[in-house]
Number of protein chains: 2
Amino acid sequence: MSELQTQISGLRALVKKIKSYEEAVGLIYWDMRTGLPKKGVEGRSEVVGVLSGEMFRLSVSDEMGGYLDYLDREDRLAQLSAIDRKIVRECRKEYDRSKKIPPEKFEAYVVLTSQSESVWEEAKDKADYAMFQPYLEKIVETNLEFIELWGYEGHKYNTLLDMYELGMTVDKLDALFGALREKLVPLVAAIQASPNKLDTSFLDQNFAKETQRSFNHHILREMGYDFEAGRLDETVHPFATGLNPGDVRITTKFVENDLLTALFGTIHEGGHALYEQNISSELLGTNLCTGTSMGIHESQSRFWENMVGRSRSFWRRYMGELQQTFSGQLDNVTAEDFYRAINEAKPSLIRIEADELTYNLHIMIRYEIEKALFSGAVKAADLPGFWNAKYKEYLGVEPSNDEEGVLQDVHWSGGSFGYFPSYSLGNMYAAQIRHTLMKEMPDFDDKIEKGELAPIKEWLTEKVYQHGKLLDPAEIIRNVTGEPLNPDYLVAYLEEKYKDIYKL
Amino acid sequence: MSELQTQISGLRALVKKIKSYEEAVGLIYWDMRTGLPKKGVEGRSEVVGVLSGEMFRLSVSDEMGGYLDYLDREDRLAQLSAIDRKIVRECRKEYDRSKKIPPEKFEAYVVLTSQSESVWEEAKDKADYAMFQPYLEKIVETNLEFIELWGYEGHKYNTLLDMYELGMTVDKLDALFGALREKLVPLVAAIQASPNKLDTSFLDQNFAKETQRSFNHHILREMGYDFEAGRLDETVHPFATGLNPGDVRITTKFVENDLLTALFGTIHEGGHALYEQNISSELLGTNLCTGTSMGIHESQSRFWENMVGRSRSFWRRYMGELQQTFSGQLDNVTAEDFYRAINEAKPSLIRIEADELTYNLHIMIRYEIEKALFSGAVKAADLPGFWNAKYKEYLGVEPSNDEEGVLQDVHWSGGSFGYFPSYSLGNMYAAQIRHTLMKEMPDFDDKIEKGELAPIKEWLTEKVYQHGKLLDPAEIIRNVTGEPLNPDYLVAYLEEKYKDIYKL
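Predicted, not measured: the structure shown is a model, and the values here were computed from it. Here the residue index of a chain counts from 1 through its sequence in written order. Chains and ligands are labelled by the order in which they are written, letters from A for the one and numbers from 1 for the other. Owing to the predicted nature of the model, reporting of local features is limited to residues with pLDDT of at least 70; listing and counting of side-chain atom pairs is limited to 80 or more, with chain, interface and lining totals taken over all residues. In computing side-chain values, all of the structure's heavy atoms are included and hydrogens and water are not.

> Just checking my understanding: could you explain the sheet that holds strand S1 (residues 232-234) of chain A for this structure?
Strand pairing within a sheet occurs via backbone hydrogen bonds; the two strands may be parallel or antiparallel. Residues and elements named next belong to chain A. Across the sheet, which stays open at both edges, the three strands sit in the order S1-S3-S2 with mixed pairing between neighbours. With one partner strand each, in any of the chains shown, S1 and strand S2 (240-244) form the two edges of the open sheet. Recorded for the sheet is a direction-independent mean angle of 25 degrees between the axes of neighbouring strands. The pairing of S1 with strand S3 (residues 247-252) spans three bridges and is classified as parallel. If you follow Glu234 over to S3, its bridge partner there is Thr252. Here, residues are in contact when the closest pair of their heavy atoms is within 4.5 Å. Where helices are involved, their axes are fitted lines through C-alpha atoms of the stretch in contact, as for all axes, and angles between N-to-C directions lie from 0 to 180°. A run of DSSP states H or I qualifies as a helix once it reaches four residues; a run of E qualifies as a strand once it reaches two. Both are numbered from the N-terminal end. Strands in contact with helix H1 (residues 3-34) are S1, S2 and S3; relative to S2, the strand with the most contacts, it is inclined by about 145 degrees. Strands are labelled as partners when DSSP assigns at least two bridges between them.

See the structure below:
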């Protein structure tokens, strides 16, 4: 073996080892959320500590440093396969990020965010922002220190954005979100002002949990979710976790008097899962065997949830089965009635309960706040006022307290700044990808109406899923659609959909 | 801190780390058996390989060697607490065992047993012993090599026995089993010859799985199994696994036309679980935080399954609830009818289906074979004949093929020689402990009949469970009962129970 081969084989073995730890930790987290007995939590958390510590140690080890010293040089990278080259670059990114933070600073930050998460939970329950504020201040401050150590170009917040969406910047987001907001705010207002209201009264019934479960299983199978490579469980907060491509688990939340929570939660997580189940086996055991970014991942959950699951064609196909499944409960509801009811749009206070249209405005508010926090334009103390003013401005509603306002999301308490934009980026990516898909597959709607979802999944596998993290988000969107991310597709999609539904 | 303190703290931290790996691997195995999607198995097995490898590496590391060099000297051990002293001794045992086998020999053995397990499965299906024989030969041969490396006193098989039951030898087992066999063979024959047969016809019904599940949950709660520190799931082969004392999971197998399989399986695994759930918190995170031996562990599962669960008093208490639970199905069955039916004894071919009485004879046959294999008195090629002759001699039955004969158990295919005796040792320990318990708690049967099982669990916790591996099996039995293991208690218990049931 040449020295180059020896080095890259060594790096691959080390990466595979790190992935094994990650998989074990992933399973432990899944178990914690689905059924770990209460008294086992403390001991199990220590196990997570040991394994995560070891995983971190390996990723910044001298062994890793040695491989990178040798391999991460343009002349040597040029001799590697595209996969190997990208493996090296991902390791480098991770290595530099971790190495630049002094270990004692990082440990203090882990303690801080862990305390902060419990304080936030209590503060939220009590709608007491003052309780949480000092923790938020400290977390922002520490992130600002980290940003100095990591380095930044332009806006400091760019460094955080880049962690979730490679190459994303404030300049780009300002343009994307500006274009979106300009069209969505008036659309939401027009819907509000319209005399046409949707009848959702038939949704106000009791839907037996076991029947919901079996219908959800059916829909997942229709989407092409592979139950030999996954399972559906129940949790308070739904999630998808790709432990390996042969074991991609999803969870949902069943609510007896609400058919939609579990159903669209399942389809959403199912979309994430299709991505992870269909990554090319060439990437197995590498750091590329995962979705390429939060935004692209979210594009797939939202594509399946909203653009397939909340489409008219979908219910033309599945309404009959839904009626049969909940025998007698929805007999007089037509597919059209159902389609309109599940797409009701109205401004609301809580992000996770928001509809497809207004959701983006919730995200923009959070983006504006994060941007202002990291430029110093706003202080933690000002957040409740800033938040409430933005809700008034974008959505025309105002929280009556901080529980339904600035305290509603868990993200900031854990230090996840830069994450929120992914949700709307996902919507934009999804609409743009859908546009191309409909050009290449003109009978897209007909296919859905016939329940032929397999070709759609196959198209997405070819264009997106198989590549895992081998391609960057910008490459994915350009390769698939021929242009960079463009908010107009989402605007056009939403305007068409909602003007039709509300007969504007 | 003194050097002694530094060293023991270091050792404890290393042991805790090893235990964390063990816990993670334990959870992975639980998940593999309860619900891992088929396509995830391959990737997950590699994760097990990485974590087990690391665990092994730590247990034979230079770091471990250094602690042992310093601490494992009589003058220093004398300065340690009893717990710390035992921690050191356990590490030494493990370290020496592992260090004495050259790594390449051990790896070859792991491959051999893994192949052998699949070959055994196929050979069993085809009742084709010849297929399995070369693997068995090789496994015995390798174990003989290992025994030479580990060293032995007296019979070579002693070294294997000691792995599962500290201090157990062929001489001791010959005496114990000899005494047992001398009484049990005639008792079994007397039952066979007796004109008194038991009516078990009412067991021949369909018992709905969900109803069985809820009754099993109820009985576990009555035993004092803590559902906040465990859970009950379903698997083909029931087991209990103590991941940590706050997370001790059990599984059972529900069979619709057989009430007893799940019920007594659950009580059996519940007994193992009570042991693990009630280990003293002083031993948390150490290598002593587990049952002290296979034999003592099995004594607890069998005590609860047979001496509580299959007792007359138990059904005097729970028959009414069983009747209510399976409404209409057992209305005309008295507690006495039920008690007798669940204790039917008859010679059979399959160990895992055997009753409390004849079970011991199945074990003795396997013991005789293992002993003969490791003394060289018998060769792998002779096993089917030897097996069949022993079944004829001890139980009066003969297998018609090797599937229901020598191929029935998985143990040998994985190299677990020395394990089988634990099952009967468990019965003997249990009967002896029961004898003392009944002296100290003269209303033992009354308590059961009132459903007051808590004092029994508490007594066992005080005498056995809390000590984990701090005390050796021989210390446990002597401390609890005032004498070494004595087979007479089991003989007396079985004679009393079965002479009464069969009116001999």
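> Any chance you could explain the environment of Gly26 of chain B here in plain terms?
Residues and elements named next belong to chain B. For Gly26, the position within the fold is in helix H1 (residues 3-34). For every residue, the accessible area (1.4 Å probe, protein chains only) is compared with the maximum for its type, and the residue is labelled buried under 20%, exposed over 50%, or partly exposed between those bounds. By relative accessible area, Gly26 is classed as buried at 16%. Taking C-alpha positions, Gly26 is 9.5 Å from Val48, a pair spaced 22 residues apart along the chain.

> Teacher, can you tell me more about the sheet that holds strand S3 (residues 247-252) of chain B here?
All names here are of chain B. Strand order in the open sheet made by the three strands is S1-S3-S2, with mixed pairing throughout. Each edge of the open sheet carries a strand with a single partner, namely strand S1 (232-234) and strand S2 (240-244). Across the sheet, the mean angle from the axis of one strand to that of its neighbour is 25 degrees, orientation sign disregarded. Relative to S1, helix H10 (residues 209-223) is tilted by about 150 degrees, and along the sheet it contacts S1 and S3.

> Teacher, can you tell me more about the interface of chain A and chain B here?
Where interface size is given, it is often the accessible area lost as the parts come together that is meant. Chain A puts 35 residues into the contact, and the matching count from chain B is 35 residues. By convention, the term buried area covers the 1.4 Å-probe accessible surface removed from two parts as they join, with the contributions of both added. Both sides of the chain A and chain B interface together cover about 2700 Å² of buried area, and 52% of this is carbon and sulfur. On the chain A side of the interface with chain B, the three residues burying the most area are Pro37, Lys39 and Glu228 of chain A, jointly 19% of the side's total. Think of a polar contact as two N or O atoms within 3.5 Å of one another; within protein, one of them needs to be a possible hydrogen donor and the other a possible acceptor, and neighboring residues in sequence only count if both atoms come from side chains. Counting across the interface, chain A meets chain B through 19 residue pairs in polar contact (both at pLDDT 80 or more). Broken down by secondary-structure element, the contributors of at least two residues to the side of chain A that touches chain B are H1, helix H2 (41-59), S2 and S3 of chain A. For the side of chain A that touches chain B, the element with the most residues is H1 of chain A, which contributes 11 residues. Split into classes, the residues belonging to the side of chain A that touches chain B amount to 13 nonpolar, eight polar and 14 charged. Lys, Arg, Asp and Glu make up the charged group, whereas Ala, Val, Leu, Ile, Met, Phe, Trp, Tyr, Cys and Pro make up the nonpolar group; the residues left over, Gly among them, are polar.

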